[in-house]
Amino acid sequence: EQQVETTDIIIIGAGPVGIFAVFEAGLLGLKCHLIDNLDRPGGQCTELYPEKPIFDIPSRPQVTGQELVDDLMTQASPFKPVFHLGQQAEALARQGNGHWRVTTTRGEIIEAPAVAVAAGAGSFVPKKPPYPRLGEFEEHSVDYAVHRMEKYRDKKLVIVGGGDSALDWAINLAPIAGSVTLVHRREEFRGAPDSVQQVLDLADHDGLEVIYGNITELQGDGGQLSSVQVTTLDGVVRDVACDYLLPFMGLKISLGPIAKWGLNLDRKHVEVNHETFDTDVEGIYAIGDVCHYPGKLKLILTGFYEAAVMVRTAFKYAFPDRKMARGYTTTNSEIQERLGVT
Ligand code: FAD
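Quick caveat: nothing in here was measured; it's all calculated off a predicted structure.

S.K.: Tell me about the overall build of the chain, and name the residues and values.
M.R.: The helix and strand inventory of the chain stands at eight helices and 22 strands. Taking the principal axes of the C-alpha coordinates as reference, the chain spans close to 70 × 45 × 40 Å. Within the chain, the fraction of its 342 residues that count as buried is 36%. Across the chain, contacts joining residues at least 24 apart in sequence account for 60% of those joining residues at least 6 apart.

Laid out in structure tokens, this is it:
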């Protein structure tokens, strides 16, 4: 029997708009679960420009992508959102009681009367390397993200890439793994200079091997890798023992499963009623970059407004008999109690 979690609103996408929706829902006494394919909240802000200043958030003359997300998380924290990270919302199905069931790519199941699609431009998914036979090994021997470091204890790892993810995981897994080989196609790394230095230091002291070159073959049986063949930049062909291959070659954005949910799509956007943020499917809403309506401005501040309206629509739909808290955060004592500030 699979475990089913229940909540009031399932939010697909933990970008700035999805996180702020948790806050707005919380003011009305509603709980949220969020699903994101990335392994941390923040969407485009933390994935694409964590250190860049944003200048058009009201009352924040200057705030970086990471600072904005950290503060949104703090603001949402009284409402204890539950995050399902590192997994894609894959299937959406209506249940007999009218609630929606969302199933993720890691097999987690969540049910709620309302679903808010806050999916931005789609999910960030890993770019796959073009190796022959890759598909044969993907299930057992290839990981595009690290969910549990223990899995790699005493194993022979081959990490591919030259950016921050590849460098960080090479550094963090080196003390645990049996061996770590970092394969990068050039002699220059793209990651933070500090991390590059740490990797080069580890390489000097035997904990880790760095090979500049390309993987040209995967070897193994029954879905389990035994070694990878690397052709170095000097043209030398080497076999490197390998239990797990971890390619970190960057991310691309793709709308993914949402496109198959029967929502009214206009190219890559979900059409909504801009007075309610309803889609044309009952109980499903869309906010933030993913939604479209006449006059839509694709900005973070617009998404915040959309979240505030959407939770009110969802509340009336899901709980028609409940009285909705009205008024200001400054003066409404019920809202202040929920915020824990009284
Ligand atoms: P996103 O931030 O895109 O988050 C959506 C999340 O949904 C992602 O994390 C994705 O992984 C997840 N997701 C999607 N589908 C699924 C699925 N099926 N399952 C699980 N997870 C899924 N805006 C401004 O207002 N001011 C600026 O100065 C500004 N500067 C920018 C600079 C750059 C370089 C870029 C790229 C954008 C900038 N933007 C700016 C735009 C702003 O970042 C976006 O408007 C904002 O991130 C939209 O937020 P969102 O929550 O709607 O979506």
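Don't stop here, the text continues.
S.K.: Run through the site of the ligand, naming residues and quoting values.
M.R.: If you check the shell around the ligand, you find 37 residues, and the closest are Gly13, Gly15, Gly43, Gly120 and Gly288. When contributions to the shell around the ligand are tallied by element, the ones reaching two or more residues are α1 (16–27), β3 (32–36), α2 (43–48), β11 (123–126) and α7 (300–318). With four residues, the top contributor of residues to the shell around the ligand is α2. Looking at side-chain class alone, the shell around the ligand contains 20 nonpolar, 13 polar and four charged residues.

S.K.: Explain the packing of helix α5 (residues 164–173) against helix α6 (residues 193–204) residue by residue, including any values.
M.R.: Here α5 crosses α6 at 40°, and the two axes come no closer than 9 Å. When the axis of α5 is compared with that of α6, the two are oblique. In the crossing of α5 with α6, the sense of the turn from one axis to the other is left-handed. Counted together, Asp164, Leu167, Asp168, Ala170 and Ile171 of α5 and Ser195, Val196, Gln198, Val199 and Leu202 of α6 form the full contact between these two elements. Considering only residue class, the contact of α5 with α6 consists of six nonpolar, two polar and two charged.

Parameters at a glance
- As a convention, each chain's residues are numbered from 1 in the sequence order in which they are written.
- Under the rules for a predicted model, residues below a pLDDT of 70 receive no local features and side-chain atom pairs below 80 are neither given nor counted, while totals for whole chains, interfaces and linings still include all residues.
- Each helix corresponds to a stretch of at least 4 residues labelled H or I by DSSP, and each strand to a stretch of at least 2 residues labelled E; elements are numbered beginning at the N terminus.
- Here a residue counts as buried when 20 or more other C-beta atoms fall within 10 Å of its C-beta, as exposed when 12 or fewer do, and as partly exposed in between; the C-beta atoms come from the backbone.
- Once C-beta atoms are placed from the backbone, any two residues with those atoms within 7 Å are in contact.
- For each residue, a C-beta position is placed from the backbone atoms; the residue is near a molecule or strand when that point lies within 6 Å of it.
- Amino acids outside the nonpolar list (Ala, Val, Leu, Ile, Met, Phe, Trp, Tyr, Cys, Pro) and the charged list (Asp, Glu, Lys, Arg) are all regarded as polar, and Gly is one of them.
- Fitted lines through C-alpha atoms serve as axes, helices being fitted only where they are in contact, and the angles separating the N-to-C directions of these axes extend from 0 to 180 degrees.
- With respect to orientation, any angle under 35 degrees is reported as roughly parallel, any angle over 145 as roughly antiparallel, any angle of 65 to 115 as roughly perpendicular, and every other angle as oblique.
- A crossing counts as left-handed when the near helix is turned anticlockwise from the far one by less than a right angle, and as right-handed when that turn is clockwise.

By themselves these figures say nothing about function.
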